[in-house]
Amino acid sequence: MGDDILSYNGGVALAMKGKECIAIACDKRYGVQNRTIATNFTKIFQYSDHCFVSFCGLATDVQTVSERLKFRTNLYELREQRKLKPNVLYNMLTNLLYERRFGPYFVFALVVGLDPKTGETFIYDSDNIGAVSDNVNLATVGTASEYIFGLGELFFKPNMNADELFEATSQALLNGVDRDSASGWGAVVYVIEKDKITVRELKGRQD
Amino acid sequence: MSERYGFSLTTFSPSGKLVQIEYALNAVNAGSPAVGIKASNGVVLATEKKSKSLLHDDRTIHKVESICKNMGLVYSGMGPDYRLLVQKARKLAQEYMLVYEQNVPPTQLVKRVADVMQEYTQSGGVRPFGVSLLICGYDYDEDRPFLYQCDPSGSYFPWKATAIGRNFVNGKTFLEKRYSDQLALEDAVHTAILTLKESFEGQMTEDNIEIGICDKEGFRRLTPAEVKDYLAQIG
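Residues numbered from 1 in each chain as written. Chains lettered and ligands numbered in written order. Predicted model: local features only at pLDDT ≥ 70, side-chain atom pairs only at ≥ 80, totals over all residues. Heavy atoms only, no water.

Quick notes on the UniProt feature "domain: Proteasome alpha-type subunits" (unreviewed entry) in chain B
Using the following cut-off: UniProt positions are given in the numbering used here, feature names are shortened, and annotations may be inferred rather than shown by experiment. Labels follow the DSSP assignment, with helices taken as runs of H or I lasting at least four residues and strands as runs of E lasting at least two, numbered in each case from the N terminus.
Sites flagged by UniProt as "domain: Proteasome alpha-type subunits" (unreviewed entry) map to residues 5-27 of chain B. Across residues 5-27 of chain B, helical content stands at 39% and strand content at 0%; the span's end C-alpha atoms are separated by 24 Å.

Notes on the sheet that holds strand 1 (residues 34-38) of chain B
Residues and elements named next belong to chain B. Using the following cut-off: Here a strand pair is declared whenever DSSP counts at least two bridges between the two strands. Lines fitted to C-alpha atoms define the axes, with helix axes restricted to the stretch in contact, and inter-axis angles between N-to-C directions lie between 0 and 180 degrees. In what follows, a contact means two residues having at least one pair of non-hydrogen atoms within 4.5 Å.
Strand order in the open sheet made by the five strands is 8-1-2-9-10, with antiparallel pairing throughout. This sheet does not close on itself; its edge strands, each paired only once, are strand 8 (161-164) and strand 10 (218-221). Neighbour-to-neighbour, the strand axes of this sheet turn through a mean angle of 10°, independent of strand direction. Along the sheet, helix 4 (residues 168-178) contacts strand 1 and strand 8; its crossing angle with strand 8, the most-contacted strand, is approximately 165°.

Considerations on the state of the cysteines
Residues and elements named next belong to chain B. The line we're drawing: In plain terms, two cysteine sulfur atoms within 2.5 Å form what is called a disulfide here. Burial status follows relative accessibility: with a 1.4 Å probe on protein chains alone, a residue under 20% of its type maximum counts as buried, one over 50% as exposed, and anything between as partly exposed.
With the rule as written, the count across this model stands at zero disulfides over all chains. Distance from the sulfur of cysteine 150, which forms no disulfide, to the nearest cysteine sulfur (cysteine 136) is 12 Å. Considering cysteine sulfurs only, cysteine 136 is the nearest to cysteine 214, which forms no disulfide, with 4.5 Å between them. On the basis of relative accessible area, cysteine 214 is assigned to the buried category, the value being 0%.

Some details on the pattern of salt bridges
Two side chains that carry opposite charge are able to pair once their charged atoms sit near each other. The line we're drawing: A side-chain nitrogen of Lys or Arg and a carboxyl oxygen of Asp or Glu constitute a salt bridge if their distance falls within 4 Å.
Scanning the entire structure with this criterion turns up 19 salt bridges over all chains. The salt bridge involving aspartate 81 of chain B is made with arginine 127 of chain B; its shortest N-O contact spans 2.7 Å. Remark: arginine 127 of chain B occurs in the loop between helix 3 (106-119) and strand 5 (131-139) and aspartate 81 of chain B occurs in helix 2 (residues 79-100); sequence separation between them is 46 residues. The partner of arginine 220 of chain B in a salt bridge is glutamate 226 of chain B, and the shortest N-O contact between them spans 3.2 Å. Among the charged side chains, a network of salt bridges with common partners joins Glu80, Arg82 and Lys85 of chain A together with Asp141 of chain B.

A look at the environment of glutamate 201 of chain B
By the secondary structure assignment, glutamate 201 of chain B is in the loop between helix 5 (185-198) and strand 9 (209-215). For the pair glutamate 201 of chain B and lysine 50 of chain B, spaced 151 residues apart in sequence, the C-alpha separation works out to 9.9 Å.

Here we look at the packing of aromatic side chains
Put simply, the rule is: The pairing test for Phe, Tyr and Trp rings, Trp by its six-membered ring, is centres within 6.5 Å, and the orientation test on the planes gives stacked under 30 degrees, edge-to-face over 60, and tilted for anything in between. Whether a charge lies above a ring is judged from NZ of Lys or CZ of Arg, which has to be within 6 Å of the ring centre and within 35 degrees of the ring normal.
Counted by the stated rule, this structure contains 13 aromatic pairs over all chains. Relative to phenylalanine 41 of chain A, the ring of tyrosine 30 of chain A lies with its centre 5.3 Å away and its plane at 50°, an arrangement referred to as tilted. Residue tyrosine 30 of chain A is located in strand 3 (residues 30-32), and its partner phenylalanine 41 of chain A is located in the loop between strand 4 (35-38) and strand 5 (44-48); the two are separated by eleven residues in the primary sequence. Here phenylalanine 41 of chain A falls in the buried class, since its relative accessible area comes to 16%. Relative to tyrosine 82 of chain B, the ring of tyrosine 75 of chain B has its centre 4.1 Å away and its plane inclined at 25°; by these criteria the two rings are stacked. An aromatic cluster of at least three residues, connected via ring pairs, comprises Tyr76 of chain A together with Tyr96 and Tyr100 of chain B. Sitting over the ring of phenylalanine 166 of chain A, arginine 200 of chain A keeps its end group 4.1 Å from the ring centre. Between the NZ or CZ atom of lysine 50 of chain B and the centre of the ring of phenylalanine 200 of chain B, over which it lies, the distance is 4.2 Å.

This is the structure we're talking about:
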């Protein structure tokens, strides 16, 4: 699997908070070490009306964990006859990851959500064995996470509206991935508000 | 260790009945009465707790028990079977909390407890539980109280008000007349005590009945002093 399992496939994701809105963005590269195989591999998955998760790391685990989590959330919704809340989804995910504490999945996760009634925003991140974080303003995962984190911190302002949030998120992601050979080749940005979700595909440097 | 039977002891009769469950229900109906009433803002559970002897010192044994912060239960039937179910219910509530980091909604816990009771009607070498449970809880998502009954068969029923145990038919008839959707918790406690009184032999005191209430703040058992106050109000 090469030297570093978590950078074998590459990829990155970023989440940022605004005023009653959240943005989550990821790149679209699917590569095997230094070869780029596809440019349509998005890493963001929807689990409820306003709950999204992004997984970055080994591609097979990105697929498997997202599907296994979907299995559990589907059963939850059927049993409980209600939609998932962000903090519940987060806890389910960290539980799933910790079940494999001594033979872990190689994905780091970002869980984001919005309460459509109150406008309360949630961003949590997790390592690959389910370490929980606080509800933060900004979080990143992936091979270029440190680069986009720095830019994210720079562009972040508290209480941004949806448009400002989109700009800040997009610029942080697009420029950060330019420093990482294993990330990039386009981006997808979801802006989640109380009444709508906007998805935009961005074309960045195609290298 | 113990040898396990590979076959169930609860089998169908030609008429399609599971006789063991019928017998379990007989055990329940011979047990001391319990009452549950769902008010607009909470639920009350009440039961008779008579000691068989004056020498009994049962201020520490309780029939009304809490499962978790927002749920409680009471029973009619066999005490030891009840104890086991209380332990299982508590564990199930905590397992839920561990995975979802939320208080278990009453509907979910009741399903899980009822599934346990059903297992014992089909698994090898065991008998059904000789208790019916009245489980109450507050659902914070839906912002309303719930009252459920769980039977030895594993069936569960949501109730507005119900009685189980000895004289339950009279109890339910009494409740049908007294129940209204606008009942507040305070009134529901009075009604519950009056329902118990219908089948009570002797003088009702704060030591021979137990009352639990569940509202938005959570579930709690009333202290004997509080029970005494309610009894005084009834006269």
